[in-house]
Amino acid sequence: MAILEVEHLSKNFERTEVLRDISFSLEKGKVLSIIGSSGSGKTTLLRCLNFLERPDGGSIRVNGETLFDINDPITTQEAEIRRKRLHFGLVFQSFNLFPQYMALGNVMLAKELLEKERPDYKSKKKEIHAQIEQEAKNLLDQMGLSDRMNNYPHQLSGGQCQRVAIARALALKPDILCFDEPTSALDPELTGEVLKVIQSLADQETTMIIVTHEMAFARDVSSQVIFMDDGCILEQGTPEDVFENPKEERTRQFLSRYTKG
């Protein structure tokens, strides 16, 4: 059964159609890579899935629950959207860490803010804080950052910042972990660090959507690949389908350009 079902999703910015009739599904424990030229709508699609942008049409379902349906006013209410956003964890291209917090604080922050809404928060504050802190430490250790927990973002390399961002996205235990060009701001050595972490998550059957220009990595790590062009899904299938036997001329042109470097 699909964990994520997207049907006929659309998004306009004024008169410009950025997403047009986007439909796909993703099974639990699988990895979907989204490839395509800059401006093809890849990042906007991720932002719509995370409700950082509101779609103008279509529907989004996770685990059979309708998170968004343009025809159902209840699902478009802001309070509902904030709650349903928790189904997704998003790792941004440029980390987006809070500079005033150490690595540990960055990973703990969202969970602490959510827990403050519990009716018993005041009476169990110390216990709750200790649990959140331990979970954050475990995640940073998983990212290979056990010795960097008390460093501020400016004291970390780009690769380390991105690994903190991954730990932060995992802290709320999302159903689907999303990456928006997670290596584009990194040099080749640091890129390898981050890709190794993502590969490890894939090996653990973490459900992921990865927007990337790392074609070799996408081919190796993905269960499913989508090629986007001009706001549409032009081609989708297994890595073998898309990378080895693309049906569309536009897909072949795109892959040829990246193959040639």
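Before reading on, note that the structure itself is shown above.
What you see is a predicted model, and the numbers here were worked out from it, not measured in a lab.

A. Local environment of the packing of aromatic side chains. Under the criterion given, the structure shown has three aromatic pairs. Between Phe98 and Tyr101, the ring centres sit 6.2 Å apart and the planes meet at 80 degrees, which makes this aromatic pair edge-to-face. Note on Phe98: relative accessible area 36%, which makes it partly exposed. In this structure Tyr101 comes out as partly exposed when scored by relative accessible area, which is 32%.

B. A look at the pairing of strand β7 (residues 176–180). Counting buried positions along β7 yields five of five residues, so the element is predominantly enclosed. Here β7 shows no split at all, with Ile176, Cys178 and Asp180 on one side and Leu177 and Phe179 on the other all buried. Across four bridges, strand β6 (residues 88–91) lies against β7 in parallel orientation. Note that in β7 the partner of Phe88 across the bridge is Ile176. Bridge analysis of β7 against strand β8 (residues 208–211) gives four bridges, and the strand direction is parallel. Its bridge partner being in β8, Phe179 is matched across the sheet by Ile210. Remark: the β7/helix α6 (residues 188–203)/β8 crossover connection has right-handed handedness.

C. The arrangement of the sheet that holds strand β5 (residues 65–69) in detail. Taken together, four strands build an open sheet; the order of strands is β2-β1-β4-β5 and the sheet is antiparallel. Edge strands, defined here as strands with exactly one partner in the open sheet, are β2 (16–27) and β5. Across the sheet, the mean angle separating the axes of adjacent strands is 15 degrees when strand polarity is ignored. As paired strands, strand β1 (residues 2–13) and strand β4 (residues 57–62) are joined by five bridges and run antiparallel to one another. Among the inter-strand pairings, Leu4 is bridged to a residue of β4, identified as Val62. The strands touched by helix α1 (residues 42–49) are β1, β2 and β4; relative to β2, the strand with the most contacts, the crossing angle is about 65 degrees.

D. Quick look at helix α4 (residues 125–142). When the terminal C-alpha atoms of α4 are compared, their 26 Å separation across 18 residues agrees well with the 26 Å that a helix rising 1.5 Å per residue should span. Here α4 has its buried residues at Ile128, Ile132, Ala136, Leu139 and Leu140. The buried residues of α4 all sit within an arc of 105 degrees when viewed along its axis, so they share a single face. α4 presents Lys126 and Glu127 as exposed residues on the side facing more than 90 degrees away from its buried surface. Trailing α4 by a residue or two, Gly144 shows a phi angle of about 75 degrees, which is positive.

E. Representation of the pattern of salt bridges within the structure. On inspection of all chains with the given rule, the structure shows 13 salt bridges. The partner of Glu5 in a salt bridge is Arg61, with the nearest N and O atoms 3.4 Å apart. Placement of Glu5 in strand β1 and of Arg61 in strand β4 is noted, with a sequence separation of 56 residues between them. Among the salt bridges present, the one from Glu135 reaches Lys111, with a minimum N-O distance of 3.1 Å. Of this pair, Glu135 sits in helix α4 while Lys111 sits in helix α3 (residues 103–115); the two residues are 24 residues apart in sequence, bridging distant segments of the chain. Using a relative accessible area of 17% as the deciding quantity, one classes Lys111 as buried. Taken together, the salt bridges that share partners define one network made up of Glu115, Arg118, Asp120 and Lys124.

F. Seen up close, the state of the cysteines. Applying the stated criterion across every chain, the model contains zero disulfides. There is no disulfide at Cys48, and the cysteine sulfur nearest it, in Cys178, is 12 Å away. Left unpaired, Cys232 is separated from the closest cysteine sulfur, that of Cys48, by 14 Å.

G. Geometry of the pairing of β4. A large share of β4 lies buried, amounting to six of its six residues. Note: β4 against β5, four bridges, orientation antiparallel. Bridge pairing links Ile60 to Phe68 in β5. From the end of β4 to the start of β5, which pair antiparallel, there are two residues, and Asn63 there has a positive phi angle of about 55 degrees.

H. Highlighting the packing of α3 against α4. Packing of α3 against α4 brings their axes to within 9 Å, and their N-to-C directions diverge by 140 degrees. Taken together, the axes of α3 and α4 lie oblique to each other. For α3 against α4, the interelement crossing comes out right-handed. For the pair α3 and α4, contact is made by Ala103, Leu104, Val107, Met108, Lys111, Glu112 and Glu115 and by Ile128, His129, Ile132, Glu133, Glu135, Ala136, Lys137, Leu139 and Leu140, respectively. The class makeup of the residues in the contact of α3 with α4 is nine nonpolar, one polar and six charged.

Criteria and cut-off values
Throughout, residues of each chain are indexed from 1 in the direction in which the sequence is written. Reporting of local features is limited, given that this is a predicted model, to residues whose pLDDT is at least 70; pairs of side-chain atoms are given and counted only at 80 or more, and all residues count toward the totals for whole chains, interfaces and linings. No hydrogens and no water enter the side-chain calculation; it runs on all heavy atoms of the structure. Two rings from Phe, Tyr or Trp (for Trp, the six-membered ring) form a pair when their centres sit within 6.5 Å of each other. Planes less than 30 degrees apart are called stacked, planes more than 60 degrees apart edge-to-face, and all others tilted. Only protein chains enter the area calculation, which uses a 1.4 Å probe; residues under 20% of their type maximum are buried, those over 50% are exposed, and those in between are partly exposed. Numbering of helices and strands runs from the N terminus, with a helix taken as a DSSP run of H or I at least four residues long and a strand as a DSSP run of E at least two residues long. Here, strands pair whenever DSSP counts at least two bridges between them. Crossovers are described as right-handed under a simple rule: with the strands pointing away from the observer, the path leading from the first strand over the helix to the second runs clockwise. Angles shown run from 0 to 180 degrees and are taken between the N-to-C directions of axes, each axis being a line fitted to C-alpha atoms and, for helices, limited to the stretch in contact. Residue contacts are defined here by distance: any two heavy atoms, one from each residue, within 4.5 Å place the two residues in contact. Helix span, expected: 1.5 Å multiplied by one less than the number of residues in the helix. Taken from the helix axis, the directions to the C-beta atoms give the arc we talk about. Each reported salt bridge corresponds to a side-chain nitrogen of Lys or Arg within 4 Å of a carboxyl oxygen of Asp or Glu. We call a pair of cysteine sulfur atoms a disulfide whenever their separation is within 2.5 Å. Any angle that falls under 35 degrees is termed roughly parallel, while one over 145 is termed roughly antiparallel, one within 65 to 115 roughly perpendicular, and all others oblique. When the near helix sits turned anticlockwise from the far one by under a right angle, the crossing is termed left-handed; a clockwise turn instead gives a right-handed crossing. Charged residues are taken to be Asp, Glu, Lys and Arg, nonpolar residues to be Ala, Val, Leu, Ile, Met, Phe, Trp, Tyr, Cys and Pro, and polar residues to be all remaining types, Gly included.

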